[in-house]
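Chains, contacts and geometry: an overview
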Amino acid sequence: MSQAIATIALVVADYDEAIAFYRDAVGFALLEDVDMGSGKRWVLLAPPGGSGARLLLARADGPEQAAVIGRQAGGRVMLFLETDSFAADYKRMVEAGVTFLEDPRHEPYGSVAVFVDLYGTKWDLIQPKR
């Protein structure tokens, strides 16, 4: 038997601004953007390379969901974007306007820097040592 985490839902305030951030600044590919009616859309993005989990943007539906935008992990890093070219990705993302909360660090497990999305969700850009 085999299992994998295929898709992670991320609550956002607005589909189009979130698509623009993840596609244009982070560098993800927009895989699907399907109108589901009643203002809902199925918006699926993925990092280049095609392996790993995809990101489903879910627009907040009501005040309870809106209250967790940017804080779905309670202030901790929520998502980990693994790369095989840390320096190039870091440089490209900085040039595209992505906000990093720290300078790159080189830890025993790899190179890493924390960045935030347009709502404050924390991500690690990480190149693990293999």
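The shown structure was predicted, so the numbers you read here are calculated from the model rather than taken from an experiment.

Quick word on the pairing of strand E4 (residues 54-59)
Each regular strand carries side chains that alternate between the two faces of the sheet. Across 6 bridges, strand E1 (residues 7-12) lies against E4 in parallel orientation. Looking at E4, one finds that Ile-8 is bridged to Leu-55. The pairing of strand E3 (residues 40-46) with E4 spans 3 bridges and is antiparallel. Counterpart to Leu-44 in the pairing with E4 is Leu-56.

Details of the sheet that holds E1
Backbone hydrogen bonds hold the strands of a sheet together, and the pairing may be parallel or antiparallel. One open sheet accounts for 4 strands, arranged E1-E4-E3-E2; its pairing is mixed. Strand pairing shows two members of the sheet lacking a second neighbour, E1 and strand E2 (29-37), which therefore form its edges. For this sheet, the mean angle separating the axes of adjacent strands, direction not counted, is 25 degrees.

Some thoughts on the UniProt feature "domain: VOC" (unreviewed entry) in the protein chain
As annotated by UniProt and renumbered to match this structure, "domain: VOC" (unreviewed entry) occupies residues 4-128. Summarising residues 4-128: 21% helix, 42% strand, and an end-to-end C-alpha distance of 20 Å.

Criteria and thresholds
- Residues numbered from 1 in each chain as written.
- Predicted model: local features only at pLDDT ≥ 70, side-chain atom pairs only at ≥ 80, totals over all residues.
- Heavy atoms only, no water.
- Pairing = 2+ DSSP bridges.
- Helix = DSSP H or I, 4+ residues; strand = E, 2+ residues; numbered from the N terminus.
- Axes fitted to C-alpha atoms, helices over the stretch in contact; angles between N-to-C directions.
- UniProt positions renumbered as here; feature names shortened; annotations may be inferred.

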